[in-house]
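Understanding the architecture of this molecule
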Amino acid sequence: MTETEITENIITWLDQFISDWGLDEEITEETTFNDDLCFSSVDMMHYLAIIDMNMKKKFPYEKLLMKGGVYRNELSVAELTAFIYNNKDIEQEQPKAI
């Protein structure tokens, strides 16, 4: 899957996710989740789960959402796209029993 295809999918899934929110916002690569779409942390987790389900892969979002042990305040569609593209072929380590 190319980066352009990933961007198109992320925007399509995002449009579907917010379709009943009543926002008059065109989703582009520059769209931000907090400032432009007023995403809560729960909204973000739900949307990331939609990406995982559609792509049939669990991504290590903690690498994207945490910087220096602190959650990021903002994320753009372009940043999410780049993260998905760069991690699409990386195998997620499975949890191990203690």
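What you see is a predicted model, and the numbers here were worked out from it, not measured in a lab.

1. Focus on helix α2 (residues 41-55)
Every α-helical turn comprises 3.6 residues, leaving residues that sit three or four positions apart pointing alike. For α2, spanning 15 residues, the distance from its first C-alpha to its last is 21 Å, which sits close to the expected 21 Å at 1.5 Å a residue. Met-44, Tyr-47, Leu-48, Ile-50, Ile-51, Asp-52 and Met-55 are the residues of α2 that are buried. Elements in contact with the buried residues of α2: α1 (3-17), α3 (62-65) and α4 (77-87). Immediately beyond the C-terminal end of α2, within one or two residues, lies Lys-56, with a positive phi of roughly 55°.

2. Comments concerning α4
Inspection of α4 places Val-77, Leu-80, Thr-81, Phe-83, Ile-84 and Asn-87 among the buried residues, and these make up the whole buried set. End-on view of α4: buried residues confined to an arc of 165°, all on one side of the axis. Looking at the buried positions of α4, the neighbouring elements they touch are α1, α2 and α3.

3. Side note on the pattern of salt bridges
Any two side chains of opposite charge can pair, given that their charged atoms come close. Summed over the entire model, instances satisfying the criterion amount to 3 salt bridges. Note that Lys-58 is salt-bridged to Asp-52, the shortest N-O span being 3.7 Å. Close ionic contact of Arg-72 with Glu-79 constitutes a salt bridge, the shortest N to O distance being 2.8 Å. The class of Arg-72 is partly exposed, set by a relative accessible area of 25%.

4. As for the packing of α1 against α2
Taken N-terminus to C-terminus, the directions of α1 and α2 make an angle of 130°; their axes are 11 Å apart at the nearest point. It follows that α1 is oblique to α2 by the angle criterion. Remark: the crossing between α1 and α2 carries right-handed chirality. In contact with Ile-10, Trp-13, Leu-14 and Phe-17 of α1, α2 contributes Asp-43, His-46, Tyr-47, Ile-50, Ile-51, Asn-54 and Met-55. Split by residue class, the contact of α1 with α2 holds 8 nonpolar, 2 polar and 1 charged.

The rules behind the values
- Residues numbered from 1 in each chain as written.
- Predicted model: local features only at pLDDT ≥ 70, side-chain atom pairs only at ≥ 80, totals over all residues.
- Heavy atoms only, no water.
- Helix = DSSP H or I, 4+ residues; strand = E, 2+ residues; numbered from the N terminus.
- Expected span 1.5 Å × (residues − 1).
- Buried < 20%, exposed > 50% of the residue type's maximum accessible area, 1.4 Å probe, protein only.
- Contact = heavy atoms within 4.5 Å.
- Arc of directions from axis to C-beta.
- Salt bridge = Lys/Arg side-chain N within 4 Å of Asp/Glu carboxyl O.
- Axes fitted to C-alpha atoms, helices over the stretch in contact; angles between N-to-C directions.
- Parallel < 35°, antiparallel > 145°, perpendicular 65-115°, else oblique.
- Left-handed = near helix turned anticlockwise from the far one by under 90°.
- Nonpolar A, V, L, I, M, F, W, Y, C, P; charged D, E, K, R; others polar.

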